[in-house]
Amino acid sequence: MQYGHFDDQAKEYVITQPDTPASWSNYLGSTEYGAVITNNAGGYGFYKSGARGRFLRLNFNSIPMDQPGRYFYLRDQESGDYWSASWQPVGKPLEEYQSVCRHGTAYTIIESRFAGIETESTYFVPLGESFEYWRLKVTNTSDVRRKLSIFSFCEFTNQWITFQDRVNLQYSLFIVRGKMEDNLIRIGIHDHLSSNEDDPGDSVMKTWMGLVGADLIGYDISREAFLGIYGSYHNPQVVVKGRCTNSEAYGDNACGTLQADVELQPGESRQLLVMLGVGEARTVGRLKMAEFGSLVRAEQEFHRLKNYWHSKLESLSVETPDEDFDHTVNVWGVYNCLITFAWSRAASLVYNGERDGLGFRDSVQDILGVAAAIPEEAQARLELMFTGQLANGGAIPVIRPFEHTPGKESPPMLEEYRSDDCLWFFNAVPALVGETGDVDFYNKVLPYADQGQDTVFGHLRRALEFNLERMGAHSLPCGLSADWNDCLRLGYYGESLFVAFQLRLGLTEYAGIAERLDKPVEKAWAEAQRDLLDAAIQRIAWDGEWFIWAIGDDGTVYGTREYEEGQIYLNTQVWAVLSGAATAEQAEKCLQVVEDELFTPYGLMLAAPPFVTTPVDVMRSVVYLTGIKENAGIFNHTQGWGVMAECITGNGDRAYKYFRASMPAAYNHRAEVRQSEPYVQAQTTYSTFSPRAGNARTSWLTGAASWAYYSATQYILGIRPEIDGLRIDPCIPSDWKGFKAVRRFRGKWVHIEVQNPEGICKGVASVTLNGEALADNLIPADKLVDQNEVLVRMGSEGNGF
């Protein structure tokens, strides 16, 4: 079933049926002032932290999953009928109520039509500001005069720290204070820092709310007064009765309700604004209302916001035979990466504050998806992550940017070290330097988290040494508390083959960087270490048709023919190819096993068969139901790796089959299967070992976003930045006759046309740049002008690039 469509020209996803299989969400604002909003105006708001700065409340894990939110209620003063400007929370019958939601880049527009009244609600946060606009346009489409009352509603938290607000109720129910002053709602939280318990302006956590464009008829700041003791969001008693009570909040719970009455002649429209922000109302609120409080200024800020975000999406645009692929690459794939880069795993409809800050390994990988779109910001984030690396080469698990103090951070406990953390640098750093061409970045000096400092190149050496100094009995890296798979528990000295492949890739990249920096001794060291690792891998890790996945510290080998559960593990098969560890014969065999044993119509399973009897102290995924998450589920983070491995070996048809199986846009016409948003990635999909195969969960903030975009653009399309230029090496489905792309690269525009006359998957026969034939498929950076035309002809004959 289809609930909406892509509008790539407007860079929006348009939801035309509001009863989506789950709440389909979007993000507003920035890492300073952020918000989640759904197609029915549900969601919440947060300042700097989703866990410790949440000022608007959401009832997590409820039905519906997105309430409360940012609501406009409308009431006909003559009939007494009422509804909301979004379908929910009132929920009028859909045979009478029409709704369209347009999720855009950091804004959402919700249109409704009911009982002869049309509304358009626009929600966004102006660039660089710590407040949000709710703009409402109301139009009378009937042939009679209409008198309407309009009520805003949001629910403030009592304490910005989520645990205190939602769990420690014997404290948080007695601290909130809300007053009306100079037509502004003033919310403050009384605590031990307040100098005046009667004045919320003296409290630390403050919000304000005001109305523009209509007279303020009334207000309510007490949630209980607005909803009624036995009312709810779908039938608030103030709306039912048609008049605010002018309540204030003194303990219990606070809300933001402002009432305006309008009278509309047939065909007439009115607009009004609600402005909501953080800061003291008497100072910040008044200043912001004075500067930004007009419909004209709101419209200017809206266009400024759209232009800003749209410019970020211009790093690559494509035209291929698959429009779903185009939707993904041109708009939603990169936008998903940008939002994930901003918020890591800190705030969504599922992430409820348990991950506060930037998870180290997640955030390093997230750079892959945004390096082309925002290279300067990507480099700044990468530098921040380097300062989370410890002098011993390991890493602190989470970086909280607003508190992080390089050189003074405490190392984790011994049992808390993860084996993969800093090895992700060997994916992210070459990708960034390839984008910028700034080789001198390797010489930049950055502090360690706990003590000392080093160049970026030195940091990379310590990352390798961390694993080389922690090898197990079979000369493979120890898994420590976990490798990428947090469910894997091998014992501290158990050995992870996945990390062995990561380490091999790291040694190869390090050797290449050393050669570029003219450091032959370092290059020789890395290659010698890689030779030793290769010997260990070939000696212990190949089981005849596939690679094992681990060795416990008791010597148990997991992933062999004899071990029935989790016998085939996706990560080690595809990373054997990505790292270059697999021979050509091994690559062919293990990738065939992946297709035969792990592929489903919805993507590649992480492992199979499921874990049922494996001890929980070895594989914690046994706690999950079979076919979900790490227990033979489809973990979408890994899908890009499968695609990349197939592209490396030239299997374009299989690579694209894998990509499309897990591509959200491919489910737009059957959204009831996937259930999550068809425009962004989700963390996990139920596999065929589950009775609910295809259902996807935990959308938006996931490593799947970066790896999917990275694999699509740099491996399927094969448009890969390198220090010396832009390499074009497509691996596409054989039935594609070609594609077109426009790539922004180091301030220049490269217009690329790829032709595939022979219907092959991989192989470039010729390349021309601005009419000049090139010697290979690398477009030299020093030959680029402002506007460039590149023609790539694929084929089995020719120069054989």
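Below is a short write-up of the structure. (Residues numbered from 1 in each chain as written. Predicted model: local features only at pLDDT ≥ 70, side-chain atom pairs only at ≥ 80, totals over all residues. Heavy atoms only, no water.)

**Points about the overall build of the protein chain**
Link 1 in the chain: Across its full length, the protein chain holds 19 helices and 43 strands.
Link 2 in the chain: C-alpha extents for the protein chain along the principal axes are approximately 80 × 60 × 50 Å.
Link 3 in the chain: When the 801 residues of the protein chain are sorted by exposure, 63% land in the buried category.
Link 4 in the chain: Restricting the contact set of the protein chain to residue pairs at least 6 apart, pairs at least 24 apart contribute 67%.
Link 5 in the chain: For the protein chain, the exposed area adds up to about 28300 Å²; of that, 48% sits on carbon and sulfur atoms.
Link 6 in the chain: Across the protein chain, the centroid of the 71 positively charged side chains sits 3 Å from that of the 104 negatively charged ones. (Helix = DSSP H or I, 4+ residues; strand = E, 2+ residues; numbered from the N terminus. Buried < 20%, exposed > 50% of the residue type's maximum accessible area, 1.4 Å probe, protein only. Contact = heavy atoms within 4.5 Å. Areas by Shrake-Rupley, 256 points an atom, 1.4 Å probe, with all protein chains shown as cover. Lys, Arg positive; Asp, Glu negative; His and termini not counted. Charge placed at Lys NZ, Arg CZ, Asp CG, Glu CD.)

**Brief notes about the pattern of salt bridges**
Link 1 in the chain: Taken as a whole and assessed by the stated rule, the structure comprises 54 salt bridges.
Link 2 in the chain: The salt bridge involving lysine 444 is made with glutamate 383; its shortest N-O contact spans 2.9 Å. Residue lysine 444 is located in the loop between helix H10 (425-436) and strand E24 (445-447), and its partner glutamate 383 is located in helix H9 (residues 375-386); the two are separated by 61 residues in the primary sequence.
Link 3 in the chain: Assessed through its relative accessible area of 34%, lysine 444 is described here as partly exposed.
Link 4 in the chain: Linking arginine 743 and glutamate 435 is a salt bridge whose minimum nitrogen-to-oxygen distance equals 2.8 Å. You can see arginine 743 sitting in strand E38 (residues 738-745) and its partner glutamate 435 sitting in helix H10, a full 308 residues away along the chain. Each member of the pair, arginine 743 together with glutamate 435, is buried.
Link 5 in the chain: Sharing partners across several salt bridges, the network here consists of Glu181, Asp182, Arg186, Glu280, Arg282 and Arg286. (Salt bridge = Lys/Arg side-chain N within 4 Å of Asp/Glu carboxyl O.)

**Some points on the packing of helix H7 (residues 323-343) against helix H19 (residues 703-716)**
Link 1 in the chain: Axis separation between H7 and H19 bottoms out at 9 Å; the angle between their running directions is 135°. Taken together, the axis directions place H7 and H19 in an arrangement best described as oblique. The crossing of H7 and H19 is left-handed. Across the interface between the two elements, Phe325, Val329, Gly333, Val334, Asn336, Cys337 and Thr340 of H7 pack against Ala705, Ser706, Tyr709, Ala712, Thr713 and Ile716 of H19.
Link 2 in the chain: Among the residues making up the contact of H7 with H19, the classes are represented as 8 nonpolar, 5 polar and no charged. (Axes fitted to C-alpha atoms, helices over the stretch in contact; angles between N-to-C directions. Parallel < 35°, antiparallel > 145°, perpendicular 65-115°, else oblique. Left-handed = near helix turned anticlockwise from the far one by under 90°. Nonpolar A, V, L, I, M, F, W, Y, C, P; charged D, E, K, R; others polar.)

**Thoughts on the sheet that holds strand E9 (residues 98-103)**
Link 1 in the chain: The 11 strands lie next to each other as E1-E2-E9-E10-E11-E12-E20-E16-E15-E14-E18, forming an open sheet whose pairing is antiparallel. One side of each edge strand has no neighbouring strand; the edge strands of this open sheet are strand E1 (4-7) and strand E18 (249-250).
Link 2 in the chain: Examined bridge by bridge, strand E15 (residues 184-189) and strand E16 (residues 206-212) share 5 bridges and lie antiparallel to one another. Along E16, the bridge assignment pairs isoleucine 185 with methionine 209.
Link 3 in the chain: Against the sheet, helix H5 (residues 281-292) contacts strand E12 (131-140), strand E14 (176-181), E15, E16 and strand E20 (269-278), and its axis sits at roughly 30° relative to E16. (Pairing = 2+ DSSP bridges.)

**Re the pairing of E38**
Link 1 in the chain: Most of E38 is tucked away, with 6 of its 8 residues classed as buried.
Link 2 in the chain: Across 4 bridges, strand E21 (residues 316-319) lies against E38 in antiparallel orientation. Bridged to leucine 316 within E38 is arginine 743.
Link 3 in the chain: Pairing between E38 and strand E39 (residues 748-755): 8 bridges, direction antiparallel. Opposite lysine 740, over in E39, you have glutamate 753 as the bridge partner.

**Quick word on the sheet that holds strand E28 (residues 557-558)**
Link 1 in the chain: Taking strand neighbours across the sheet as the criterion, the 3 strands line up as E26-E27-E28 in an open arrangement whose pairing is antiparallel. Whereas interior strands pair on both sides, the edge strands pair on one side only; in this sheet they are strand E26 (495-496) and E28.
Link 2 in the chain: Relative to strand E27 (residues 550-551), E26 is paired through 2 bridges, and the arrangement is antiparallel. Looking at the pairing, serine 496 lines up with alanine 550 of E27.

**Section: the environment of threonine 340**
Link 1 in the chain: With respect to the helices and strands, threonine 340 occurs in helix H7.
Link 2 in the chain: In this structure the C-alpha to C-alpha distance between threonine 340 and tryptophan 700, which are 360 residues apart in sequence, comes to 6.8 Å.
Link 3 in the chain: Residue contacts for threonine 340: discarding those within four places in its chain leaves Arg345, Asp366, Trp700, Leu701, Thr702 and Ala705.

**Section: the packing of aromatic side chains**
Link 1 in the chain: Summed over the entire model, instances satisfying the criterion amount to 65 aromatic pairs.
Link 2 in the chain: Residues tyrosine 107 and phenylalanine 302 carry aromatic rings whose centres are separated by 5.0 Å and whose planes lie at 85° to one another, so their mutual orientation is edge-to-face. Of this pair, tyrosine 107 sits in strand E10 (residues 107-114) while phenylalanine 302 sits in helix H6 (residues 295-312), placing them 195 residues apart in sequence. By the burial criterion, tyrosine 107 is buried, and phenylalanine 302 matches it. (Phe/Tyr/Trp six-rings, centres within 6.5 Å; stacked < 30°, edge-to-face > 60°.)

**Observations regarding the pairing of strand E11 (residues 117-124)**
Link 1 in the chain: Taken across its 8 residues, E11 has 6 buried, putting it largely inside the fold.
Link 2 in the chain: Strand direction decides the pairing type here: E10 and E11, joined by 8 bridges, are antiparallel. Following the sheet pairing, arginine 113 is matched in E11 by glutamate 118.
Link 3 in the chain: Here E10 hands over to E11 after 2 residues, with alanine 115 in that stretch at a positive phi of 50°.
Link 4 in the chain: Here E11 hands over to E12 after 6 residues, with glycine 128 in that stretch at a positive phi of 75°.

**Describing the side chain of threonine 560**
Link 1 in the chain: Looking at the secondary structure, you find threonine 560 in the loop between E28 and strand E29 (568-569).
Link 2 in the chain: Aside from chain neighbours lying at most four places away, what touches threonine 560 is Asp543, Trp546, Ile548 and Gln567.

**Remarks on the nonpolar core**
Link 1 in the chain: With 259 residues, the main nonpolar core has Phe325, Phe425, Ile537 and Trp641 as its most contacted residues.
Link 2 in the chain: The dominant element in this core, judged by the number of residues it contributes, is helix H12 (residues 497-516), at 12 residues.
Link 3 in the chain: If sequence neighbours within four positions are ignored, phenylalanine 325 has contacts with Thr320, Tyr656, Phe659, Met663, Ala712, Ile716, Leu717 and Trp736. (Core = buried A, V, L, I, M, F, W, Y, C linked by side-chain atoms within 4.5 Å.)

**A short note on the packing of helix H15 (residues 584-598) against helix H17 (residues 652-662)**
Link 1 in the chain: H17 packs onto H15 with a crossing angle of 40° between their chain directions and a minimal axis gap of 13 Å. With respect to their mutual orientation, H15 and H17 come out oblique. Every pair of crossing elements has a handedness; the one defined by H15 and H17 is left-handed. Along its contact with H15, which presents Leu591, Gln592, Val594 and Glu595, the element H17 presents Arg654, Lys657 and Tyr658.
Link 2 in the chain: In terms of residue class, the contact of H15 with H17 is made up of 3 nonpolar, 1 polar and 3 charged.

**Some points on H10**
Link 1 in the chain: Over its 12 residues, H10 extends 16 Å from the first C-alpha to the last, a length consistent with the 16 Å expected when each residue adds 1.5 Å.
Link 2 in the chain: Counting buried positions along H10 gives 10 out of 12 residues, so the element sits mostly inside the fold.
Link 3 in the chain: All of the buried residues along H10 are Phe425, Phe426, Asn427, Ala428, Val429, Ala431, Leu432, Val433, Gly434 and Glu435.
Link 4 in the chain: One or two residues past the end of H10 sits glycine 437, with phi positive at roughly 75°. (Expected span 1.5 Å × (residues − 1).)

**A short note on the environment of asparagine 39**
Link 1 in the chain: Its place among the elements puts asparagine 39 in the loop between strand E4 (33-38) and strand E5 (43-47).
Link 2 in the chain: Measuring from C-alpha to C-alpha, the distance between asparagine 39 and threonine 16 comes to 9.8 Å, with 23 residues separating the pair along the chain.
Link 3 in the chain: Once residues lying within four places of it in the same chain are set aside, the contact partners of asparagine 39 are Ile15, Pro18, Thr20, Ser23, Trp24, Cys101, His103 and Ile110.
Link 4 in the chain: There is a polar contact of 3.2 Å between the side chain of asparagine 39 and the backbone oxygen of proline 18.
Link 5 in the chain: Side chain to side chain, asparagine 39 and threonine 20 meet in a polar contact 3.3 Å long. (Polar contact = N/O pair within 3.5 Å; in protein donor to acceptor, adjacent residues only side chain to side chain.)

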